[in-house]
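Given next are the chains, with one letter for each unit.
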Amino acid sequence: MRGPLMPYTVAAADLLGFAAATTEAHGVPRDDARLLADTLVTAELWGHPSHGMLRLPWYLARVASGATAAIASPEVVSDNGAVLVLDGRDGLGQVLTDRATRLGVERAREHGISAIAVRGSGHFGTAAYFTRKAAEEGCVALLATNASPAMAPWGGREKRLGTNPWSIAAPGGRYGTVVMDIANTAVARGKIYHAEERGEPIPEGWAADADGVPTTDPRRAVEGLILPMAGHKGYAISFMFDVLAGVLTGSAFGTGVVGPYRPTGRSGVGHLLICVDIRSMADPAEFERRMEALIEETKSAPTAPGTAEVFVPGEPEVRTAERLRTEGITLVDDTWTSLGRVADTTAVPLPAPTVPQEPPA
């Protein structure tokens, strides 16, 4: 493994401006470019760099190659009121999913519940970015997507299924939004790429090498298999979310999905968003009171040794974002170098680091 690398700390607003400008330089419309940039910076603010700026060069390389359309132009495949199917026509996954979220909320308000399917899309980053938006509009939302092969089926030793992440979000009254966002593997693949960039080993139980032997080497893990969460249960959940996001939507599935780290090839990612308008099932004020009661009951549990506070889903990300908006976002050397190449290609200057930092001892 490599030794510690020099980090660079940058203000969130400066990082967002850089990501938006370099994306726009690739022919992406201004609003769409800013949306993509915001999803990446938000992931950094939430403390999930695996879905942050290290992915910007991946997305731009796919736009540059033509694998991803710079201008998203989705087409309606079928419209049954509460159920809508869109063909993303290889647009940016973030842009298509944001449009699906707006449509999902609108249709849920009209019908009480909606299901928006997107086929022919790309990787959309963090699912919670979109389910949070729906929750802020008074919905309980579930978003499922599929991904390129990373996991072997239970008992197998070759990749057949993706991490196939999913998110559920709901309004939490005075506590804000509660949101879950997980992959069905022991870890999201991006965290392994992030460990590789940092030159750090990964924990045991995350991955196996190409021969199916458990490994803590992120390079061997990238070439090998990511292990399912909870053993056979994670495999089964991932399989069924490929049914929802891939097979049902008419998009690619299983080994047919291409990941964002490959600069060429149709992605074929599918998404399924289900929104329930709370007003169609309950009084919104009463729902929020009940949510607050659930949250308070959960947070009041006695803490285990070494734990200062009990968090509900989504709370750690909010706390981290509050801190990093002040402190700035720290990028490792490899990510900074890759952003430098993007800057050279687009003639957009890199943002200036705030305070030079020494690598950890």
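If you're wondering where the values come from, they're calculated on a predicted model, not measured in any experiment.

Side note on the overall build of the protein chain
Turning to step 1, where the next piece is worked out: Looking only at helices and strands, the protein chain features 11 helices and 12 strands.
Turning to step 2, where the next piece is worked out: Computed over the C-alpha atoms, the radius of gyration of the protein chain is 20 Å, within 12% of the 21 Å expected from 2.2 N^0.38 for a compact globule of 361 residues.
Turning to step 3, where the next piece is worked out: Across its three principal directions, the C-alpha atoms of the protein chain cover 55 × 50 × 45 Å.
Turning to step 4, where the next piece is worked out: Taken over 361 residues, the protein chain has a buried fraction of 51%.
Turning to step 5, where the next piece is worked out: Sequence-distant contacts in the protein chain: of pairs separated by 6 or more residues, those separated by 24 or more amount to 68%.
Turning to step 6, where the next piece is worked out: When the accessible surface of the protein chain is split by element, carbon and sulfur atoms take 56% of a total near 16300 Å².
Turning to step 7, where the next piece is worked out: Separation of charge centres in the protein chain, based on 33 positive and 42 negative side chains, amounts to 3 Å.

Description of the pairing of strand S6 (residues 166-171)
Turning to step 1, where the next piece is worked out: Judged by how many residues are buried, S6 sits mostly within the fold: 5 of 6 residues are covered.
Turning to step 2, where the next piece is worked out: Summarising the sheet, strand S5 (residues 139-145) and S6 pair through 4 bridges and their orientation is antiparallel. Considered in S6, the bridge of Leu-142 is made with Ile-168.
Turning to step 3, where the next piece is worked out: Hairpin geometry of S6 and strand S7 (residues 177-182) is characterised by an intervening segment of 5 residues between the two adjacent antiparallel strands and by a positive phi of about 65 degrees at Gly-173.

Section: the layout of surface pockets
One simple way to see leftover space: roll a probe sized like a water molecule over the atoms.
Turning to step 1, where the next piece is worked out: Put simply, the largest pocket is a space of about 640 Å³.
Turning to step 2, where the next piece is worked out: If you list the elements that add at least two residues to the lining of the largest pocket, you get helix H5 (128-136), S7 and helix H6 (189-198).
Turning to step 3, where the next piece is worked out: In the lining of the largest pocket, the residues fall into 20 nonpolar, 15 polar and 6 charged.
Turning to step 4, where the next piece is worked out: When its volume is computed, the second largest pocket comes out at roughly 220 Å³.
Turning to step 5, where the next piece is worked out: Around the second largest pocket, the lining comprises 11 residues; the ones closest to its centre are Trp-58, Glu-197, Asp-334, Ser-338 and Arg-341.
Turning to step 6, where the next piece is worked out: Broken down by class, the residue content of the lining of the second largest pocket amounts to 4 nonpolar, 1 polar and 6 charged.

What about the pattern of salt bridges?
Turning to step 1, where the next piece is worked out: Throughout the structure, instances matching the rule amount to 20 salt bridges.
Turning to step 2, where the next piece is worked out: In this structure, Arg-107 engages Asp-79 in a salt bridge whose closest nitrogen and oxygen atoms are separated by 2.8 Å. Remark: Asp-79 occurs in strand S2 (residues 75-79) and Arg-107 occurs in helix H4 (residues 93-111); sequence separation between them is 28 residues.
Turning to step 3, where the next piece is worked out: A residue is classified by how much of its surface remains accessible, and Asp-79, at 42% relative accessible area, is partly exposed.
Turning to step 4, where the next piece is worked out: For Glu-315, the salt bridge is made with Lys-299, and the minimal N-O distance between the two is 3.0 Å. With Glu-315 in helix H10 (residues 315-327) and Lys-299 in helix H9 (residues 284-299), this residue pair connects regions lying 16 residues apart in the sequence.
Turning to step 5, where the next piece is worked out: Judged by its relative accessible area of 15%, Glu-315 is buried.
Turning to step 6, where the next piece is worked out: Its relative accessible area of 22% is what places Lys-299 among the partly exposed residues.

Side note on the sheet that holds S5
Turning to step 1, where the next piece is worked out: Across the sheet, 7 strands lie side by side as S2-S3-S4-S11-S5-S6-S7; this open sheet has mixed pairing. The open sheet is flanked by S2 and S7, the only strands paired with a single partner. Strand-to-strand, the axes of this sheet are offset by a mean angle of 15 degrees, without reference to chain direction.
Turning to step 2, where the next piece is worked out: Two strands pair when backbone bridges link them, and S6 and S7 are joined in this way by 6 bridges, in the antiparallel orientation. Bridged to Ala-170 within S7 is Val-178.
Turning to step 3, where the next piece is worked out: Against the sheet, H4 contacts S2, strand S3 (83-87), strand S4 (113-121), S5 and strand S11 (269-277), and its axis sits at roughly 160 degrees relative to S4.
Turning to step 4, where the next piece is worked out: Its contacts with the sheet put helix H8 (residues 232-247) on S5, S6 and S11, and the angle it makes with S5 is roughly 100 degrees.

Side note on empty space enclosed by the protein
Turning to step 1, where the next piece is worked out: Counted according to the given criterion, the structure contains 3 cavities of 30 Å³ or more.
Turning to step 2, where the next piece is worked out: Approximately 100 Å³ is the volume found for the largest cavity.
Turning to step 3, where the next piece is worked out: Lining the largest cavity are 16 residues; nearest its centre among them are Tyr-59, Arg-62, Thr-68, Gly-122 and His-123.
Turning to step 4, where the next piece is worked out: Taken together, the elements giving at least two residues each to the lining of the largest cavity come down to helix H3 (56-65) and H4.
Turning to step 5, where the next piece is worked out: Tallied by class, residues from the lining of the largest cavity come to 5 nonpolar, 9 polar and 2 charged.

What about the nonpolar core?
Turning to step 1, where the next piece is worked out: In this structure, Phe-18, Val-41, Met-53 and Leu-56 are the most contacted members of the largest nonpolar core, which totals 56 residues.
Turning to step 2, where the next piece is worked out: The element that contributes the greatest number of residues to this core is helix H2 (residues 30-45), accounting for 7 residues.
Turning to step 3, where the next piece is worked out: With sequence-adjacent residues up to four places away left out, Met-53 is seen in contact with Leu-15, Phe-18, Ala-19, Leu-40, Val-41, Glu-44, Leu-331, Thr-335 and Leu-339.

Remarks on the packing of helix H1 (residues 12-24) against H2
Turning to step 1, where the next piece is worked out: For the pair H1 and H2, interaxial distance at closest approach is 8 Å and the crossing angle is 140 degrees. The angle between H1 and H2 places the two elements in the oblique class. Note that H1 runs across H2; the crossing there is right-handed. Facing Ala-12, Leu-15, Leu-16, Ala-19, Ala-20, Thr-23 and Glu-24 of H1, the residues of H2 in contact are Arg-30, Ala-33, Arg-34, Leu-36, Ala-37, Asp-38, Val-41 and Leu-45.
Turning to step 2, where the next piece is worked out: For the contact of H1 with H2, a count of residues per class yields 10 nonpolar, 1 polar and 4 charged.

Cut-offs applied
Within every chain, residues take consecutive numbers counted from 1 along the sequence as written. It should be noted that, the model being predicted, local features are given only for residues of pLDDT at least 70 and side-chain atom pairs only at 80 or more, the latter also being counted only at that level, while totals for whole chains, interfaces and linings use all residues. Where side-chain values are given, they derive from all heavy atoms of the structure, hydrogens and water being excluded. Going along the chain from the N terminus, every DSSP run of H or I of four or more residues is numbered as a helix, and every run of E of two or more is numbered as a strand. For this measure, only C-alpha atoms enter the radius of gyration; the expected value for a globule follows 2.2 Å times N^0.38, where N is the number of residues. Per-residue accessibility, obtained with a 1.4 Å probe over protein chains only, is compared with the maximum for each type, and a residue is labelled buried under 20%, exposed over 50%, and partly exposed between these values. Contact criterion: two residues are considered in contact whenever any of their non-hydrogen atoms come within 4.5 Å of each other. Residue burial considers only the protein chains on display, and all accessible areas are found by Shrake-Rupley using a 1.4 Å probe. Asp and Glu count as negative and Lys and Arg as positive, but His and the ends of the chain are not part of the count. Charge placement uses NZ in Lys and CZ in Arg. For Asp and Glu, CG and CD serve respectively. Strands were regarded as paired on the criterion that DSSP finds at least two bridges between them. Site definitions follow a grid-based scheme: protein atoms alone, a 1 Å grid, a 1.4 Å probe that fits but cannot get out for cavities, and for pockets an open set with protein on both sides within 12 Å along at least five of seven lines, plus lining residues having an atom within 4 Å of a point. Grid points are joined across faces, edges and corners, and a volume is the space filled by probe spheres set on the points. Asp, Glu, Lys and Arg are counted as charged, while Ala, Val, Leu, Ile, Met, Phe, Trp, Tyr, Cys and Pro are counted as nonpolar; the rest, among them Gly, fall into the polar class. Here, a salt bridge means any Lys or Arg side-chain nitrogen found within 4 Å of an Asp or Glu carboxyl oxygen. Angles run from 0 to 180 degrees between N-to-C directions of axes, and those axes are lines fitted to C-alpha atoms, restricted for helices to the stretch in contact. What is meant by a nonpolar core is a set of buried Ala, Val, Leu, Ile, Met, Phe, Trp, Tyr and Cys residues, joined one to another through side-chain atoms within 4.5 Å. Comment on the angle field: the value is read as roughly parallel under 35 degrees, roughly antiparallel over 145, roughly perpendicular from 65 to 115, and oblique elsewhere. Left-handed is the label given to a crossing in which the near helix is rotated counterclockwise from the far helix by less than a right angle, and right-handed is the label when the rotation is clockwise.

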